[in-house]
Amino acid sequence: MNTGSDDAGSTAVAEGEAQKKPERRLGSRAPQFIRRSRTLHLSWQVGVFVVGLAVVVAGVLMLALPGPGWLVIFAGMAIWSTEFVWAQLVLRWTRRKVTEAAQRALDPKVRRRNLILTSVAVVIGAALCALYLWRFGLTMPWNITW
């Protein structure tokens, strides 16, 4: 006699799969009229590569200079992913890893550990500041005369 438990289990699995976001297809997202002509499509790909490269290089420079370096690097990768499969795969992998890290960060054990480590770092920093003030007073380590 079937109690219906198999149907409920398969329905829950089907609902879980339906909630997953479908992944976009891999490959070029250039307009159809561009993809029809090999020369035009190759020119399009070169243009996308050059623009993406400029954005990624700017992001790498921003890692040392002021600016949102990683954000700009990922923006350059997003530009590349409009045309190149390897960039699409890198962005999928990155998105998956960021999602996993965010889920791990919400784990109560991880949050407790992070809170303890932050507290220890603040106590050590305060102790070092107190030691400096006790040893040297409220003077700066450089000599500035006004």
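This is a predicted model, so every value here is computed, not measured.

Novice: Would you mind showing me how to read the nonpolar core here?
Specialist: The tendency in soluble globular proteins is for nonpolar side chains to be buried as a group. Counting residues in each nonpolar core, the largest one holds seven residues, listed as Val48, Val56, Met77, Trp80, Phe84, Ala87 and Leu91. For this core, the secondary-structure elements that each account for two or more residues are helix H3 (38-64), helix H4 (69-81) and helix H5 (85-105). If we skip the residues at most four places from it in the chain, Ala87 touches Met77, Trp80 and Ser81.

Novice: So what exactly am I meant to see when it comes to a nonpolar patch on the surface here?
Specialist: Residues Leu42, Val46, Phe49, Val50, Leu53, Val57, Leu61, Leu65, Trp86 and Val90 make up a contiguous nonpolar surface patch of roughly 880 Å² in combined accessible area. For the nonpolar patch, the secondary structure elements donating two or more residues are H3 and H5. It is H3 that contributes the most residues to the nonpolar patch, seven residues altogether. Mapped onto the secondary structure, Val46 falls in helix H3. Classification of Val46 by relative accessible area gives partly exposed; the value is 47%.

Novice: Explain H4 here, please?
Specialist: Over its 13 residues, H4 extends 18 Å from the first C-alpha to the last, a length consistent with the 18 Å expected when each residue adds 1.5 Å. Residues of H4 that are buried include every one of Gly69, Val72, Ile73, Gly76, Met77, Trp80 and Ser81, and no others. Each element contacted by the buried residues of H4 is listed here: H3 and H5.

Novice: Sorry, what's going on with the environment of His41 here?
Specialist: Looking at the secondary structure, you find His41 in helix H3. Accessibility expressed as a relative area gives 16% for His41, which makes it buried. Between the C-alpha atom of His41 and that of Pro31, which follows or precedes it by 10 residues, the distance is 9.3 Å. Polar side-chain contacts of His41 include one of 2.8 Å to the side chain of Glu83.

Novice: Is there a simple way to think about the pattern of salt bridges in this case?
Specialist: Opposite charge on two side chains makes pairing possible when the charged atoms of those side chains draw close. For the structure on display, the rule yields one salt bridge. When the shortest N-O distance is used, the salt bridge between Glu100 and Lys97 registers 3.7 Å. A residue pair is termed a helical-turn pair when its members lie 3 or 4 positions apart in one helix, as Glu100 and Lys97 do in helix H5 at three residues. On the accessibility criterion, Glu100 (30% relative accessible area) is partly exposed. Take Lys97: its relative accessible area is 38%, and that puts it in the partly exposed class.

Novice: Where do I start with the confidence of the model for the protein in this structure?
Specialist: Where the model shows low pLDDT, its predicted coordinates should not be examined in detail. Per-residue confidence for the protein averages 80 on the pLDDT scale, and 78% of its residues sit at or above 70. Averaged pLDDT values over the elements of the protein bottom out at 47 in helix H1 (residues 5-19) and peak at 91 in helix H6 (residues 108-136). Overall, residues 4-18 carries pLDDT values under 50, and its contacts beyond four positions in sequence, including any with other chains, amount to zero contacts.

Cut-off values and rules
Residues numbered from 1 in each chain as written. Predicted model: local features only at pLDDT ≥ 70, side-chain atom pairs only at ≥ 80, totals over all residues. Heavy atoms only, no water. Core = buried A, V, L, I, M, F, W, Y, C linked by side-chain atoms within 4.5 Å. Buried < 20%, exposed > 50% of the residue type's maximum accessible area, 1.4 Å probe, protein only. Helix = DSSP H or I, 4+ residues; strand = E, 2+ residues; numbered from the N terminus. Contact = heavy atoms within 4.5 Å. Patch = residues over 30% accessible without salt bridge, like charges linked within 9 Å, V, L, I, M, F, W, Y side chains within 5 Å. Areas by Shrake-Rupley, 256 points an atom, 1.4 Å probe, with all protein chains shown as cover. Salt bridge = Lys/Arg side-chain N within 4 Å of Asp/Glu carboxyl O. Expected span 1.5 Å × (residues − 1). Polar contact = N/O pair within 3.5 Å; in protein donor to acceptor, adjacent residues only side chain to side chain. pLDDT = per-residue confidence, 0-100.

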